[in-house]
Structures are given as C-alpha cells and as structure tokens.
Amino acid sequence: MRMVDVIMNKRNGKQLTEEEIRFFIEGYTEETIPDYQVSALLMAIYYKGMTEKETAVLTQAMVDSGDTIDLSPIVGSKVDKHSTGGVGDKTTFIVGPLVASVGVPVAKMSGRGLGHTGGTLDKLESIEGFKIEMTEQEFIDNVNKYKLAVAGQTGNLAPADKKLYALRDVTATVDSIPLIAGSIMSKKLASGADSIVLDVKTGSGAFMKSIENSEALAKEMVTIGKNLGRNTVAIISDMNQPLGFEIGNANEVKEAVEVLQGKKVNDLRELALALASHMTVLAKTFASYDEAYKVLEENLENRKAFEAFRSFVGAQGGDVSMIDDLTKLPSSKHQVEVKAETDGYVTAIDAESIGIAAMYLGAGRATKDDKINHGVGITLKKKIGDEIKAGEALAVLLSDTTSPTDSIEKVLNAYEISSNSLGEKTLIYKVIQ
Ligand code: URA
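Residues numbered from 1 in each chain as written. Predicted model: local features only at pLDDT ≥ 70, side-chain atom pairs only at ≥ 80, totals over all residues. Heavy atoms only, no water.

Peer 1: In this structure, what is going on with the packing of helix α3 (residues 35–48) against helix α8 (residues 159–169)? I would like to understand it.
Peer 2: Each packed pair of helices is defined by two parameters, the angle between the axes and the distance between the axes. One way to put it is that α3 packs onto α8 with a least axis distance of 10 Å and a crossing angle of 75°. Judged on the interaxial angle alone, α8 and α3 are roughly perpendicular. Touching Asp35, Val38, Ser39 and Leu42 of α3 are Leu164, Leu167 and Arg168, all from α8. Partitioned by chemical class, the residues of the contact of α3 with α8 number four nonpolar, one polar and two charged. (Axes fitted to C-alpha atoms, helices over the stretch in contact; angles between N-to-C directions. Helix = DSSP H or I, 4+ residues; strand = E, 2+ residues; numbered from the N terminus. Parallel < 35°, antiparallel > 145°, perpendicular 65-115°, else oblique. Contact = heavy atoms within 4.5 Å. Nonpolar A, V, L, I, M, F, W, Y, C, P; charged D, E, K, R; others polar.)

Right, dumping it as structure tokens:
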C-alpha cells in the first residue's frame, strides 16, 4: 500500500478501508510515514469528513497503537467521566465520591494541566501529602477498597493520538469533528472503563463555541463508544461563564468540598449530580436517572459522599485535616477586589479570559515546566443574571502580589454588564444517548 493512494482516495471523497486507516496509523506511529504525507491526509479528512465506520476504525487503531489498561481486577462495572474542558470545572472532586458513595468503582487516570489552571492532579496536590504516583496494583487495591482512586496517567496510552494531535495543532486541522471525537475517545477507551459519561462543554469558554458543533461532537463520540462496545452518554453543558465561583487550584478543591458538605452552589452541584446520575445508571446501580438523582442528592445531604472523599484523600496520603478545616488549604498573600464601573446586570462572563487572568496570577502553566502556585486564583462574586452596582466587587483576585494589573484588566473586560437582565443561563442543554 502507498500512502499517496490513501491521501488521493480521501481527497476524492472515498471512504477509506480499515486496511488503509490501520496502514496510516501504524506507519505514522512507527515513523515510516512522514509528517508531510500525514498532514495532507489530515487536511483531506478535514474537508471530506469521515463516516461512522471510518471514525470507529480510526479510534480503535489509535487505541491499538499503545498500551491499554486492564481494569478487570476491579470488582463491579467501571464507569469513567470525561469533560472536554472548562474554566472552574471541579466536578470530578464531587462526582467521584458521589458515585463511590453508592458502591460504583471510580478508577480515574488523570493528567496535569497545560491550561489556565492546573489539571485534576495539580488541584489535588493542594492537599498536603497527597500522592498520585502509585503502582498499578496499589491503584487497583485502592479502588476495590475505597471505590475511588485517582492516579497520574501511566503507560503509553494511544501514542498515535499524541503524535497526530501535535501535528494537527500546527496544520490547522484540530477542529475536525471526527478527528476530535476519535482523539478523545481513543484515550478513554485505552483507559479501560466499561462505560463512559462525557461532559461536552459549549459556549465562549469551551472548545466548541456553538450548541450545533457541541451536539455534533457529542453525537460522534457517543456513536464511537457504542460502535466499540462501551455504553456512552454525553451531556452538553454551558461554558458561557465559569462553573461555580472559584477558579484556581486549592480554592477549587475548597468549593468542591463545600458542595460535598451540603453547600448549594447551584450550577456546580447540579452538573455534578447530573453526571453522577448518568454514571450510576450506566453502572446499572439504578434503574432510572430520577431514582439515581434522588439517592445521590441524599448522599450529599447525609455526607456519605463527603466521607467517601475523606477516605480517598487519606488513602492517597493526603492530610485529611485540611478537608475538615478548609482554612488549612494553601491561600494567597493578598485579596484584591475587581470592582464594577457601572450599574446593571451581568449578561456574560468570558470564561476563557477569567482562566487567563487566573494563569497570570500563577494558577496555571504557560509551559510544561512551570510550577503551579496552589494558593492563588479568582473568586467570582457575581455571575450571569446578578445585579451589580458601580463600585461593588465583581470578583476577588487571590494574588501573591498587591496589584496584579494584567489580571484585574482581564477580569474587568471579561464581564459584560448591561441595563437589562438576561436571567440565568441554561446549564444542561441536551443529553445524547
Ligand atoms: N482534546 C483532545 O484530546 N483531542 C482533540 O482533538 C481535541 C481536544
């Protein structure tokens, strides 16, 4: 087989065969096919798209390019959750213990962030002593014992995706729905879960800005999951403003723990309950979403989920007293208010700008060797639909410097204030299953 023929077939709008797709994925992983030919094929895929069958084959070929994690020693049905990424998204810290609180095992492999704030692992490391390195056996033992463990990604998962993603980044071929769907699903499938719940974000702070594109991506991922034998459900949720009020690392852990302790942070609590309900239905613990939701909500009220989080933190070496007394978590040296300049109602908060402002404060990494400052971040004081008076605080910057001018400007510009209220934003637009 010649790569030039594969490129030509796709360029001419033909459906690629399984052999052709496997040929290019294997050849690219083994470096027998050069970047320039794969770039040409990616651009042809970008314009001509891929059928359902092609996308499933592409995804499976990327899974097969590396290691897969065997979760079979874990007792019970394993359900994973994946979010396409949003600002202030700390749902994992609520969803994990919630699902664990009804006995469904959560075996989470997570990454570090190269984003505005840290990733799940960085955020957890706000807790003194918390360790994410463990052997595969310790990971499995912890999940069997505590129903929840979070570990750093080990092994060589979907290396073909790693290479292709880097190439797409520099060839203007990232935003192709079959390529994104295959990329995300290949990593999820290699991680070994039986079923998957996806949180596809939509809006100004999301990878997908429009509901139509988010829905198309969600449908494509659900179809891949089903075609490859995993029950998959996707929620399309709003990212036209950050989720919850806290953006950073330690302050995000704090907000999540407060929800586990019963605090009603509307959007965050609601989304976590929705994701956990779908997960426990997929695990067949509950017969219906409504039944799952009711029990999980009770487990927030009666603190069973909070207890599950405490056990998990303790099991991974974390200082549980920081969870019991949240003032012990790392904090910033200063708190700087960002004040509104006009009266009105908040109609939009550009989540991406808030994320960048948090990164300027030190909450995220600009390059992979940067160190995260766990104590800094942003606390929003106003969200969409809220009334504001000139001089009132829109947000508080948790900063180690006294006048973080770049962040102040970024946060101020992120807020849109107008004389008419739009009311609250919808949180969950659709569920695709
Ligand atoms: N995230 C991924 O993992 N892959 C993509 O292609 C886009 C977002």
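Peer 1: Hey, could you run me through the packing of aromatic side chains in this one?
Peer 2: Each aromatic ring pair is described using two quantities: the centre-to-centre distance and the angle formed by the ring planes. Applying the stated criterion across every chain yields a total of four aromatic pairs. On the numbers, 5.2 Å between centres and 85° between planes, the contact of Tyr46 with Tyr47 is edge-to-face. Given a relative accessible area of 32%, Tyr46 falls into the partly exposed group. Ring centres of Tyr289 and Tyr293 lie 6.0 Å apart, and the angle between their planes is 40°; on these two criteria the pair is classed as tilted. Pair noted here: Tyr289 and Tyr293 are both in helix α13 (residues 289–301), with a separation of four residues, about one helical turn. Classification of Tyr293 by relative accessible area gives buried; the value is 15%. (Phe/Tyr/Trp six-rings, centres within 6.5 Å; stacked < 30°, edge-to-face > 60°. Buried < 20%, exposed > 50% of the residue type's maximum accessible area, 1.4 Å probe, protein only.)

Peer 1: Any chance you could explain the UniProt feature "domain: Pyrimidine nucleoside phosphorylase C-terminal" (unreviewed entry) in the protein chain here in plain terms?
Peer 2: When the UniProt feature table is mapped onto this chain, "domain: Pyrimidine nucleoside phosphorylase C-terminal" (unreviewed entry) is found at residues 345–418. Here residues 345–418 runs as 28% helix and 30% strand, with 5 Å between its end C-alpha atoms. (UniProt positions renumbered as here; feature names shortened; annotations may be inferred.)

Peer 1: What is the right way to read the site of the ligand from this model?
Peer 2: The local shell around the ligand consists of Tyr165, Arg168, Ile180, Ser183, Ile184, Lys187 and Phe207. For the ligand, a nitrogen atom lies 3.5 Å from a polar atom in the side chain of Tyr165. Between an oxygen atom of the ligand and a side-chain N or O atom of Lys187, the distance comes to 2.5 Å. Mapped by element, the contributors of at least two residues to the shell around the ligand are α8 and α9 (177–190). (Near = heavy atom within 4 Å. Polar contact = N/O pair within 3.5 Å; in protein donor to acceptor, adjacent residues only side chain to side chain.)

Peer 1: Just checking my understanding: could you explain the pairing of strand β5 (residues 231–238) for this structure?
Peer 2: In the case of a regular strand, side chains alternate between the two sheet surfaces. In terms of burial, β5 is a largely internal element, seven of the eight residues being buried. Note that strand β4 (residues 195–202) and β5 share eight bridges and pair parallel. Note on β5: the bridge partner recorded for Val200 is Ile236. Tracing the backbone out of β4, into helix α10 (residues 211–227) and back to the parallel element β5 gives a crossover that is right-handed. As judged from the four bridges shared by β5 and strand β13 (residues 428–432), these two strands associate in the antiparallel manner. Bridging from a neighbouring strand, Ser237 pairs with Ile428 of β13. (Pairing = 2+ DSSP bridges. Right-handed = clockwise from strand over helix to strand, strands pointing away.)

Peer 1: Before we go on, may I ask you to explain the pattern of salt bridges in this structure?
Peer 2: If the charged atoms of two oppositely charged side chains come close together, the side chains can form a pair. Here the structure, examined in full by the defined rule, presents 27 salt bridges. The residue Lys219 makes a salt bridge to Glu215 at a minimum N-O spacing of 3.1 Å. One end of the pair, Lys219, and the other, Glu215, are both in helix α10, four residues apart, so they sit about a helical turn from each other. With a relative accessible area of 43%, Lys219 lands in the partly exposed category. (Salt bridge = Lys/Arg side-chain N within 4 Å of Asp/Glu carboxyl O.)

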